[in-house]
Amino acid sequence: MKQLIFALALFASPLASSPLAAQSSDLGTPVAEGGSVETLGEAEAEEGGLSFTVTDESDWSDIGVAIAGFAADRDRPTPANANGTAALGREISRVITANLRNNGIFRPVGPDSLPQPSFAQITSPSWGSWSGRGVEMLVHGYVSARADGRLTVGCYLYDVALQDELIREGWVVPPADWRRAAHKCSDLIYSRLTGESPFFDSRIAYIAETGPKDKRIKRLAIMDSDGANHRFLTLGSATALTPRYSPDYKKLLYLSYVDGNPRIYVYDIGTGRQQLVAETGNPTLAPRWSPDGRNILYSMAVGGNTDIYRVPATGGRSVRLTDTPGIDIGGSYSPDGSKIVFESDRSGTQQCYVMDADGSNQRRLTFFGGRCATPEWSPRGDQIAFTRIAGDFNIAVMNPNGRNLRVLTSGWQDEAPTWAPNGRIIQFFRTTRNSGRSGLWQVDLTGRNERRLKTPVDASDPAWGPILP
Amino acid sequence: MNIRLATIALLSGTVALAGCAKKAPEQLPPAPEQTTTDQGTTVAPVGDTGPTLGTQAHFEDAVNGQNVIYFDTDRFNIDSADAAALQTQAQYLSRYGAISITIEGHTDERGTREYNLALGERRANSAKNYLISLGVDANRIRTVSYGKERPVALASNAAAWSQNRRAVSVVIN
């Protein structure tokens, strides 16, 4: 009964309502894929022993961190910065400073209000000039232009009171990917000082919105975790919604009205081509990847009844996972791929349910009185984030058993949580009453540290990818 | 013009006989000439000066603006007002058998995006199924959901939301 099968549209189906060529008509110029980042000499890190490392986030207090300008061995020209490697070094420090700010853990001080260390001081800090600044931690680094045009970036974290090095790492990056070295260094600092997994070296896909509320133009867009390297992928002639990065960042799933109907496509970022995920003649919605990238979940409405299906990412037969009357939609895998949390109104209102990955053992998780929508399993597996509808729309988290609900935000309409790669920060979009203006926000698991992520235009439907490969 | 109308009239008669036996007696095919007399239904006649057959304006004129039906929050059922509007639409479609429509399903903004897409589809299908029950051929009705993406009332209050929870019938050109 659950094996209802549909042909996968890797070929033009007679049901297709438009020729394949037309499906690409809203696509912009493909974006060049980033280069690879090579890690040098893994740090010989001393584990533990940090008196201030606190694992309970409710007790985190700000750690003062001085991020001095990264020094250049010699000031050389580089495609990464018009003013050479010395200027690039300071720019890298500024990116790290911005990363560490506003997340409730660090009190960063950037290179523009600090002395500039020499190249020799990177491995041998001038302790006297750092101890009186009220910072516990010191970050040094260097930039070196290699003969092959790439850049070597080194990152060093020191404990000012102990006058000792805590960790170091280096990376070789193509000049165009210099910001990734800054994110890698931010991740190194964050992970060493908090004990948590990294998250800065990652990207976000989202929907860029312009125009009046009744004629909104919605374009697929991508950017780095800090909003840099922003690109529009579609032109805006067709409404684009609900993107999801593949775990390897090579593809994006999203919904487009490019043929006049809501259909989900898989867009290849390198080639700029896209295909229907399933051509069924029916609306397909709510695309999701499995954690290993091998399967795609989608929801399909047949005669007004929406159910969740799974199809191999390489094409093949779709398997129907839900079969109750009503709307079963969405779906988010547990990190081990064994379970799926999803949304259903089979009880009369939107609630969150969990099932095994094959569709068996479906049971309701939420009984808190309000409604549960858009559940997303944390990459750590320990929490499920969702949109809690109880009067207003807010972002909330609960344990995977549906207990210990905590509401994290208090906007009028906060919707569609997506997890940072380390499962410690949640991004979502907030819509303003009446105007319909929307923007991306993020909040930590305490709910105390909330901030807006700047985007060039209004923004919705964020989808945070994993740590970059 | 007359030739086209005649063709439509023939098609309309066929549909009325084949697909709507129960109601056929009261839904006689129009004369091959431009219809100028009321057939005893609520579909108003459209004179020579009115909109052209086959256009959305012609449809909306003929059904007296009842090409839109409205829903309660989170609901997709056809209430008595919706039923009356859909009966008017069915009469139009019965009379003009060459006309096909798209039913656009919409929601208000107070829902999550993906659920609203599914809910809009459900509303469009409710309207479609009701028209089918009145004898309209399923092949003449397409559905599309826009969820909360295309509001007509722009405020964020109950009055605006009630206008946005709708299914709109649109003539396919």
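Asker: Hey, could you go over the sheet that holds strand 9 (residues 217–224) of chain A for me, with residue numbers and the actual values?
Answerer: Taken together, the 4 strands give an open sheet; going across it, the order is 10-9-8-31 (chain A), and neighbouring strands pair in antiparallel fashion. Only two strands of the sheet have a single neighbouring strand rather than two, namely strand 10 (231–232) and strand 31 (458–467) of chain A.

Asker: Before we move on, can you summarise the nonpolar core with the specific residues and values?
Answerer: Residues and elements named next belong to chain A. The biggest cluster of nonpolar side chains holds 48 residues, and the ones touching the most others in it are Val65, Ile92, Ile96 and Leu193. Residue contributions to this core peak at 8 residues, all from helix 2 (residues 178–194). A domain split of this core shows at least three residues from each of domain 1 (19–194) and domain 2 (202–467). Apart from the residues lying within four places of it in its own chain, the contact partners of Ile96 are Ile67, Phe70, Ala182, Cys185, Ser186 and Ile189. Formed by 24 residues, the second largest nonpolar core is a distinct cluster that contains Val266, Leu285, Ala286 and Trp289.

Asker: So, the packing of aromatic side chains: which residues are in play, and what are the values?
Answerer: One pass over the structure, following the stated rule, counts 18 aromatic pairs over all chains. Ring centres 5.5 Å apart and planes at 15° place the aromatic pair Tyr298 of chain A and Tyr309 of chain A in the stacked group. You can see Tyr298 of chain A sitting in strand 16 (residues 295–302) and its partner Tyr309 of chain A sitting in strand 17 (residues 305–312), a full 11 residues away along the chain. In this structure, Tyr298 of chain A and Tyr309 of chain A share a single accessibility class: buried. With a centroid separation of 4.9 Å and 55° between ring planes, the pair formed by Phe59 of chain B and Tyr92 of chain B is classed as tilted. Placement of Phe59 of chain B in helix 2 (residues 56–62) and of Tyr92 of chain B in helix 3 (residues 80–95) is noted, with a sequence separation of 33 residues between them. With respect to burial, Phe59 of chain B and Tyr92 of chain B carry one shared label: buried. Pairwise contacts between aromatic rings join Phe106, Tyr190, Phe199, Phe200 and Trp464 of chain A into one cluster.

Asker: Pulling in residues and values, what's your account of the pattern of salt bridges?
Answerer: For the structure shown, the criterion picks out 33 salt bridges over all chains. A salt bridge links Arg430 of chain A to Glu450 of chain A, with the nearest nitrogen and oxygen atoms 3.1 Å apart. Remark: Glu450 of chain A occurs in strand 30 (residues 450–453) and Arg430 of chain A occurs in strand 28 (residues 425–431); sequence separation between them is 20 residues. A relative accessible area of 15% means that Arg430 of chain A is categorised as buried. When its relative accessible area of 31% is taken as the criterion, Glu450 of chain A is described as partly exposed. Counted as one network, the salt bridges with shared partners bring together Glu209, Arg216, Lys218, Arg437, Asp458 and Asp461 of chain A together with Arg113 and Glu149 of chain B.

Asker: An account of the interface of chain B and chain A is requested, with residue identities and associated values reported.
Answerer: Taken residue by residue, the interface counts 27 residues in chain B and 42 residues in chain A. Around 2,800 Å² of area is buried between chain B and chain A when both sides are counted, 50% of it from carbon and sulfur atoms. Taken as a group, Arg110, Arg113 and Glu114 of chain B account for 26% of the area that chain B buries against chain A, more than any other trio of residues on that side. One salt bridge in this structure joins Lys218 of chain A and Glu149 of chain B, with 2.7 Å as the shortest N-O distance. Residue assignment for the side of chain B that touches chain A shows that the elements contributing at least two residues are helix 4 (113–133) and strand 3 (141–147) of chain B. A per-element tally of the side of chain B that touches chain A places helix 4 of chain B first, with 9 residues.

Asker: Outline empty space enclosed by the protein, supporting the account with residue identities and numerical values.
Answerer: Overall, the coordinates contain 6 cavities of 30 Å³ or more when judged by the stated rule. Size it by volume and the largest cavity reaches roughly 280 Å³. Along the wall of the largest cavity there are 22 residues; nearest its centre are Lys218, Thr431 and Gly436 of chain A together with Glu109 and Lys148 of chain B. Of the residues belonging to the lining of the largest cavity, the class tally is 6 nonpolar, 7 polar and 9 charged. Estimates place the volume of the second largest cavity at around 120 Å³. The wall of the second largest cavity is formed by Thr242, Arg244, Arg288, Thr374, Glu376, Glu415, Ala416, Pro417, Asp461 and Pro462 of chain A together with Arg113 and Glu114 of chain B. Across the lining of the second largest cavity, the residue classes tally to 3 nonpolar, 2 polar and 7 charged.

Asker: Describe in detail the state of the cysteines, supporting the description with residues and values.
Answerer: All names here are of chain A. Inspection of the entire model under this criterion finds 2 disulfides over all chains. Sulfur-sulfur distance for the disulfide between Cys155 and Cys185 comes to 2.0 Å. As the torsion about the S-S bond is roughly 65°, the Cys155-Cys185 disulfide counts as right-handed. In this pair, Cys155 sits in strand 6 (residues 151–159) while Cys185 sits in helix 2, placing the two residues 30 residues apart along the sequence. Cys155 sits in the buried class, given a relative accessible area of 0%. Residue Cys352 pairs covalently with Cys372 via a disulfide, S to S 1.8 Å.

Asker: Let's hear about the domain arrangement of chain A: which residues, and what values?
Answerer: Residues and elements named next belong to chain A. One can read the domain layout of chain A as domain 1 (19–194) and domain 2 (202–467). Computed over C-alpha atoms, the centres of domain 1 and domain 2 are 31 Å apart. Each side of the interface is counted separately: domain 1 has 21 residues, and domain 2 has 31 residues. Counting each side, the surface lost to burial between domain 1 and domain 2 is near 2,400 Å², with a carbon and sulfur contribution of 48%. At the boundary of domain 1 and domain 2, one finds 1 salt bridge. Ionic pairing is found between Asp226 and Arg179, a salt bridge with its closest N-O pair at 2.7 Å. Linking domain 1 with domain 2 are 7 residue pairs in polar contact (both at pLDDT 80 or more), by the criterion used here. Among the secondary structure elements, those contributing two or more residues to the side of domain 1 that touches domain 2 are helix 1 (85–100) and helix 2.

Asker: Pulling in residues and values, what's your account of helix 2 of chain A?
Answerer: All names here are of chain A. Along its 17 residues, helix 2 runs 25 Å from first to last C-alpha, staying within 8% of the 24 Å computed at 1.5 Å per residue. Counting buried positions over the 17 residues of helix 2 gives 16, a clear majority of the element. Phi turns positive one or two residues past the end of helix 2, at Gly195, with a value near 75°.

Asker: Describe the packing of helix 1 of chain A against helix 2 of chain A, naming the residues involved and giving the relevant values.
Answerer: Residues and elements named next belong to chain A. The N-to-C vectors of helix 1 and helix 2 enclose an angle of 45°; their axes lie 9 Å apart at closest approach. Viewed along their axes, helix 1 and helix 2 adopt a mutual orientation that is oblique. As for how helix 1 packs across helix 2, the hand of that crossing is right-handed. The residues of helix 2 that touch helix 1, namely those facing Leu88, Glu91, Ile92, Val95, Ile96, Asn99 and Leu100, are Trp178, Arg179, Ala182, His183, Cys185, Ser186 and Ile189. Per-class residue counts for the contact of helix 1 with helix 2 are 9 nonpolar, 3 polar and 2 charged.

What counts as what
Residues numbered from 1 in each chain as written. Chains lettered and ligands numbered in written order. Predicted model: local features only at pLDDT ≥ 70, side-chain atom pairs only at ≥ 80, totals over all residues. Heavy atoms only, no water. Pairing = 2+ DSSP bridges. Helix = DSSP H or I, 4+ residues; strand = E, 2+ residues; numbered from the N terminus. Core = buried A, V, L, I, M, F, W, Y, C linked by side-chain atoms within 4.5 Å. Buried < 20%, exposed > 50% of the residue type's maximum accessible area, 1.4 Å probe, protein only. Domains from an automatic or database assignment. Contact = heavy atoms within 4.5 Å. Phe/Tyr/Trp six-rings, centres within 6.5 Å; stacked < 30°, edge-to-face > 60°. Salt bridge = Lys/Arg side-chain N within 4 Å of Asp/Glu carboxyl O. Buried area = accessible area lost by both parts, 1.4 Å probe. 1 Å grid on protein atoms, 1.4 Å probe; cavity = no way out; pocket = protein on both sides within 12 Å on 5 of 7 lines; lining within 4 Å. Points joined across faces, edges and corners; volume = space filled by probe spheres on them. Nonpolar A, V, L, I, M, F, W, Y, C, P; charged D, E, K, R; others polar. Disulfide = S-S within 2.5 Å. Polar contact = N/O pair within 3.5 Å; in protein donor to acceptor, adjacent residues only side chain to side chain. Expected span 1.5 Å × (residues − 1). Axes fitted to C-alpha atoms, helices over the stretch in contact; angles between N-to-C directions. Parallel < 35°, antiparallel > 145°, perpendicular 65-115°, else oblique. Left-handed = near helix turned anticlockwise from the far one by under 90°.

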